[in-house]
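Listed below, chain by chain, are the residues.
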Amino acid sequence: MKERIEKALENVILLDKKNIIESGFVKKIDLLSNKIIIYLSLSNPAMHFKNKLIKDITDSIKNQNILDTICIKIEMKSDIKPVIKNIIAVASGKGGVGKSTISANIAVSLVKMGFHVGLLDADIYGPSIPLMFNIEEEDINTRIHKNGMINPIISYGVKILSIGFFSKYGQAIVWRGPMVTKVLRQFIHETDWGELDFLIVDLPPGTGDIHLSLLQEISLKGIVIVSTSQKVALSDVNRSVGMFRIQSISVPILGIIENMSYVLTKESKEKCYFFGKNGVKNFSKKMNLFFLGEIPMLQEIREYSDLGIPGVLENENIKNIFLKITKNIINQLSMK
Ligand code: ADP
C-alpha cells in the first residue's frame, strides 16, 4: 500500500519539474486503520503553494483509486525559523539595466534607516555585488562552519552572500540548474543571517528555472522590478510580470523602478532621454504596476559602483533618490 501511495505522489510535479518524492518534501507516510498521514517538510509556507500542493496530492491519490472512504491528513512543517521578516527580490527582464546597482543601494538605504539587512546575490550570469561592496577578495571557504552553516560577509552594515564567491574573478559559472538551486537553498536556509528585517535577493535577469525554484523555495513578500524605458527592455519585463502573476506563483509585485531615465550632461542642464521618455511610467500604468520612482543616469552612480562603495553613502543627490524609492517600497509592502 505504501508503495502505491509513493507512486501516486510521484505524479505530483512541482514548478521545477521535479516530483515531491524527488524533492525530498515527503518525510514520512503513516498508514492508520482509516487514515493516511503524509508528513511534508516545506520551506515555503506561502498559502497559495500549500493549498495547491494539498489539492494535487489529494487528486493524485484519488486518481490511483487507492482511497474510497479513507481520509487524508497532510501535516506541514516549515523549515525556516521566522528570523527573516521580509524577503524581497529585485528582478529585471534584461541584464545591464541596473538591477544590482539598485539592490545594493536599496540595501544600504535600509541600513541607514535603522533596519537589519541582508543581501543575497543570486545573479548567476553576472554576480556583481562583491565588486560593488569591495569584497570580491573574500574567501567563502573560511566562512563555512563545521556544522555547514555559512557566515555572511558584512560590508557597510549589510550581511552579504553572493553566488560569485564560488567562482574566481574572470571565471565563468557553468552550473546546472539543480546545483544552483542547491546552493541558493543553502544560502537561505543554512546561513547564519541572524535576525533580519529585510533580505534583498538580487535575481538573475529574465525568467528561468532558477526563478521558479527560488519562488518555490522561499516565501517572498514581494518583487521589485527594474527596467530602462527602452522597448527591448520592456518587452522582456512583460514576460517577467507574466511569470510572477502566474496563479500558482502569484508573488505580489511591489512596483517598478525606471532606471537611467535621463542623462544630464555637464555642458547643458537639459535632460537627454537616452532610452526614451517615460517608457516605464507608461508601461506601469498599462500593466497596473505601482511606479516606485525614477533614477537618472549619473556618472557618480557608475563611479561609486566601480570603486566598491554604494553611492548612497557618499553623494547627497544619490542618497535622496534612493531614500524616496526605498520608502515607497516599504509603503507598498505594508499595503500588500
Ligand atoms: P544589472 O544588475 O541589471 O545587470 P548593473 O547594476 O550591473 O546591471 O548595472 C550595469 C551598469 O550600469 C553598471 O556599470 C552600473 O554601474 C551602471 N549603472 C546602473 N545604473 C546606473 C545609473 N542610474 N547611472 C549610471 N550608471 C548606472
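The preceding data block contains the structure.
Worth saying up front: this structure is predicted, and the values here are computed from it rather than measured. (Residues numbered from 1 in each chain as written. Predicted model: local features only at pLDDT ≥ 70, side-chain atom pairs only at ≥ 80, totals over all residues. Heavy atoms only, no water.)

> Explain the overall build of the protein chain here, please?
Of the regular secondary structure elements, the protein chain holds 10 helices and 12 strands. Here the analysis covers contacts within the protein chain between residues at least 6 apart in sequence; of these, 74% occur between residues at least 24 apart. Accessible surface for the protein chain amounts to roughly 16700 Å². Of this, 51% is attributable to carbon and sulfur atoms. (Helix = DSSP H or I, 4+ residues; strand = E, 2+ residues; numbered from the N terminus. Contact = heavy atoms within 4.5 Å. Areas by Shrake-Rupley, 256 points an atom, 1.4 Å probe, with all protein chains shown as cover.)

> So what exactly am I meant to see when it comes to the pairing of strand S8 (residues 196-202) here?
Regular strands place their side chains on alternate faces of the sheet. Taking burial as the measure, the seven residues of S8 include seven buried ones, the bulk of the element. As defined by bridge partners, strand S4 (residues 84-92) adjoins S8 across six bridges and the pair is classed as parallel. Looking at S8, one finds that Ile87 is bridged to Leu199. For strand S5 (residues 117-121) and S8, the ladder comprises five bridges, and the chain directions are parallel. Looking at S8, one finds that Leu119 is bridged to Ile200. (Buried < 20%, exposed > 50% of the residue type's maximum accessible area, 1.4 Å probe, protein only. Pairing = 2+ DSSP bridges.)

> Please explain the nonpolar core as it appears in this structure.
Note that soluble globular proteins tend to have their nonpolar side chains buried in a common cluster. Ile106, Phe133, Ile200, Val201, Leu214, Ile223 and Phe244 are the most contacted members of the largest nonpolar core, which has 81 residues in total. Among residues more than four places away in sequence, those in contact with Ile200 are Ile88, Val90, Ser103, Ile106, Ala107, Leu110, Val117, Gly118, Leu119 and Leu120. (Core = buried A, V, L, I, M, F, W, Y, C linked by side-chain atoms within 4.5 Å.)

> Would you take a moment to explain the site of the ligand for this structure?
Neighbouring the ligand are 18 residues, the closest being Gly96, Lys99, Ser100, Thr101 and Pro296. Between an oxygen atom of the ligand and a main-chain N or O atom of Ser100, the distance comes to 2.8 Å. Measuring from a nitrogen atom of the ligand, one finds a side-chain N or O atom of Asn259 at 2.9 Å. Surface burial for the ligand is 82%, taken as the share of its 560 Å² of free accessible area covered by protein chains. Counting only elements with at least two residues in the shell around the ligand, the list comes to helix H3 (99-112), strand S10 (253-264), strand S12 (291-297) and helix H9 (299-307). In the shell around the ligand, the residues fall into eight nonpolar, eight polar and two charged. (Near = heavy atom within 4 Å. Polar contact = N/O pair within 3.5 Å; in protein donor to acceptor, adjacent residues only side chain to side chain. Nonpolar A, V, L, I, M, F, W, Y, C, P; charged D, E, K, R; others polar.)

> Could you clarify how one ought to interpret the side chain of Ser229 in this entry?
Positionally, Ser229 belongs in the loop between strand S9 (222-227) and helix H7 (231-244). Contacts of Ser229, omitting those with residues within four sequence positions, involve Leu234, Glu258, Phe275, Gly276, Asn278, Gly279 and Val280.

> Would you explain the side chain of Ser227 in this entry?
Within the secondary structure, Ser227 is located in strand S9. Ser227 has contacts with Val97, Ala233, Leu234, Val237, Ile256, Ile257, Glu258, Asn259 and Val280, leaving out every residue within four places of it along the chain.

> Which parts of the structure should I look at to understand the packing of aromatic side chains?
Aromatic ring pairs are reported here in terms of the distance separating the ring centres and the angle at which the planes meet. Under the defined criterion, the tally for this structure stands at four aromatic pairs. Seen in terms of ring centroids, Tyr262 and Tyr273 are 5.9 Å apart; in terms of plane orientation they differ by 65 degrees. Their pairing is edge-to-face. One end of the pair, Tyr262, is in strand S10; the other, Tyr273, is in the loop between strand S11 (271-272) and helix H8 (279-286), and 11 residues separate them in sequence. Residue Tyr262 is classed as buried on the basis of its relative accessible area, which comes to 10%. Summarising the aromatic geometry, the rings of Phe274 and Phe275 are spaced 5.2 Å apart at their centres and angled 85 degrees between planes, so their arrangement reads as edge-to-face. (Phe/Tyr/Trp six-rings, centres within 6.5 Å; stacked < 30°, edge-to-face > 60°.)

> What's the story with the pairing of S5 in this structure? I'm lost.
With respect to burial, S5 is a largely interior element, five of its five residues being buried. Strand direction decides the pairing type here: S5 and strand S7 (residues 158-162), joined by five bridges, are parallel. Its bridge partner being in S7, Val117 is matched across the sheet by Val158.

> Any chance you could explain H9 here in plain terms?
One full turn of an α-helix is made of 3.6 residues, so residues set three or four places apart face in the same direction. For H9, the complete set of buried residues consists of Ile301, Tyr304 and Ser305. Buried residues of H9 fall within an arc of 105 degrees about the axis and therefore sit on the same side. Across from the buried face of H9, at angles greater than 90 degrees, the exposed residues are Asp306 and Leu307. If you follow the buried residues of H9, they end up packed against H3, helix H4 (129-132), S12 and helix H10 (316-335). In the segment just after H9, Gly308 is the residue with positive phi, at about 85 degrees. (Arc of directions from axis to C-beta.)

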